[in-house]
Amino acid sequence: MLERYYQELLRLISRSTGCRDKAQDVVQEAYARILARKPLGGAAPLQGSMAPDSGQRALLYVTAKNIAIDEQRLRQRRPHDDIDTPHFQLRAPRADEPEQRLHDRQTMERLLAIIEALPPRCRQAFALYKFEGMSQIEIAAQMDISVNMVEKHIINGMLACKKGMPERDTGKDRA
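Since the model is a prediction, treat every value here as computed from it, not as a measurement. (Residues numbered from 1 in each chain as written. Predicted model: local features only at pLDDT ≥ 70, side-chain atom pairs only at ≥ 80, totals over all residues. Heavy atoms only, no water.)

**Details of the nonpolar core**
In a soluble, globular protein the nonpolar side chains are often hidden away together inside. Where we set the bar: Within this scheme, the nonpolar core is defined by two criteria: the residues are buried Ala, Val, Leu, Ile, Met, Phe, Trp, Tyr or Cys, and they are joined through side-chain atoms within 4.5 Å. Accessibility here uses a 1.4 Å probe with only protein chains present; expressed as a share of the type maximum, an area under 20% marks a residue as buried, one over 50% as exposed, and anything in between as partly exposed. Elements are defined by DSSP. Helices are runs of H or I of four residues or more, strands are runs of E of two residues or more, and each kind is numbered from the N terminus. Contacts are assigned to residue pairs that have any heavy atoms within 4.5 Å of one another.
In terms of nonpolar packing, the biggest core is built from 15 residues, with Leu9, Ile13, Val26, Val27, Tyr31, Leu60 and Ala64 touching the most fellow members. In terms of residues, this core owes the most to one element, helix H2 (residues 20-36), which gives 6 residues. Those residues in contact with Ala64 that sit more than four places away from it in its chain are Leu9, Ile13, Val26 and Ala30.

**Comments concerning the environment of Ile139**
As for its placement among the helices and strands, Ile139 is situated in helix H6 (residues 136-143). Each C-alpha atom of the pair Ile139 and Tyr129 lies 7.4 Å from the other, and the pair is 10 residues apart in sequence. In contact with Ile139, other than residues within four places in its own chain, are Ala125, Leu128, Tyr129, Met134 and Val150.

**Focus: the packing of helix H4 (residues 98-116) against helix H7 (residues 147-164)**
Spelled out, the test is: Interaxial angle, 0 to 180 degrees, is taken between N-to-C directions of lines fitted to C-alpha atoms, where a helix line uses only the stretch in contact. For classification purposes, angles smaller than 35 degrees are called roughly parallel, those larger than 145 roughly antiparallel, those between 65 and 115 roughly perpendicular, and all remaining angles oblique. In this scheme the crossing of two helices becomes right-handed for a clockwise turn of the near helix relative to the far one and left-handed for an anticlockwise turn of less than a right angle. In this classification, the charged set is Asp, Glu, Lys and Arg, the nonpolar set is Ala, Val, Leu, Ile, Met, Phe, Trp, Tyr, Cys and Pro, and all remaining amino acids, among them Gly, are polar.
At a closest axis distance of 9 Å, the pairing of H4 and H7 adopts a crossing angle of 135 degrees. It follows that H4 is oblique to H7 by the angle criterion. Seen along the crossing, H4 lies across H7 with a hand that is right-handed. Counting all contacts with H4, which are made through Arg110, Leu111, Ile114 and Ile115, the residues of H7 involved are Ala160, Cys161 and Gly164. A class-by-class count of the residues in the contact of H4 with H7 yields 5 nonpolar, 1 polar and 1 charged.

**Remarks on unusual backbone geometry**
Positive phi, normally seen in glycine, also occurs at Asp144, with a value near 55 degrees. Turning to its location among the elements, Asp144 is positioned in the loop between H6 and H7. Asp144 gets classed as exposed once you look at its relative accessible area, which sits at 71%.

**Description of H4**
Selection rule: A helix is expected to span 1.5 Å for every residue after the first. Of all possible arcs, the one meant is that of the directions from the helix axis to the C-beta atoms.
With 19 residues, H4 should cover 27 Å at 1.5 Å per step; its first-to-last C-alpha distance of 27 Å lies within 8% of that length. Listed in full, the buried residues belonging to H4 are Gln100, Thr107, Leu111, Ile114 and Ile115. Along the long axis of H4, the arc covered by the buried residues comes to 95 degrees, so they all point the same way. Opposite the buried face of H4, by more than 90 degrees, sit the exposed residues Pro98, Glu109 and Glu116. Along its buried surface, H4 packs onto helix H5 (120-130) and H7.

**Concerning the pattern of salt bridges**
Applicable threshold: The salt bridge definition used is simple: a Lys or Arg side-chain nitrogen within 4 Å of an Asp or Glu carboxyl oxygen.
For the structure on display, the rule yields 2 salt bridges. For Arg57, the salt bridge is made with Glu8, and the minimal N-O distance between the two is 2.4 Å. You can see Arg57 sitting in helix H3 (residues 54-77) and its partner Glu8 sitting in helix H1 (residues 2-17), a full 49 residues away along the chain. Here Arg57 falls in the partly exposed class, since its relative accessible area comes to 30%. Taking the relative accessible area as the measure of exposure, Glu8 reaches 32% and is therefore partly exposed. Glu29 is paired through a salt bridge with Arg33; the nearest N and O atoms lie 2.9 Å apart. Here Glu29 and its partner Arg33 are both found in helix H2, 4 residues apart, which amounts to about one turn of the helix. With a relative accessible area of 43%, Arg33 lands in the partly exposed category.

Encoded structure:
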């Protein structure tokens with residue numbers, strides 16, 4: 001059975017995968033699964049010396065098609081993990097590039113300078129909210145001011161940061 005169906009199955013899977021090398025892998029896996037399976041009810045396992053049987057042929061073809069489908073699904077889920085691509089290169093994330101790190105550091109220094117330039121009470125409320133993660137109610141209690149005043153300080157701090165960073169994307173608040 002092995003030799004009889006191999007070329008026919010290889011052609012079929014080659015057409016469906018578009019690659020003869022991948023098809024050879026799929027067909028080999030199909031044969032390995034069929035030959036390794038345990039016989040049901042004491043029947044003899046599939047072997048090359050057996051008389052051809054349409055049930056065995058169908059099982060082999062269905063197994064090969066299922067393997068090809070599973071591999072296609074895997075490639076679709078992870079399209080960039082295809083190591084067969086000739087120019088496959090791993091790139092560092094943009095944040096790790098020296099230019100990006102320099103830009104990020106300069107941006108952070110600019111933001112810190114803007115925050116330092118805020119009036120003392122505004123700076124304190126803004127820092128407690130943004131850096132300490134305190135709620136407006138907690139800040140109001142700690143600074144002994146109204147929640148309304150805390151909101152005004154935070155808004156003023158945000159506006160100062162936004163105004164001092166003209167090249168920033170206005171859709172994202174990083175301050």
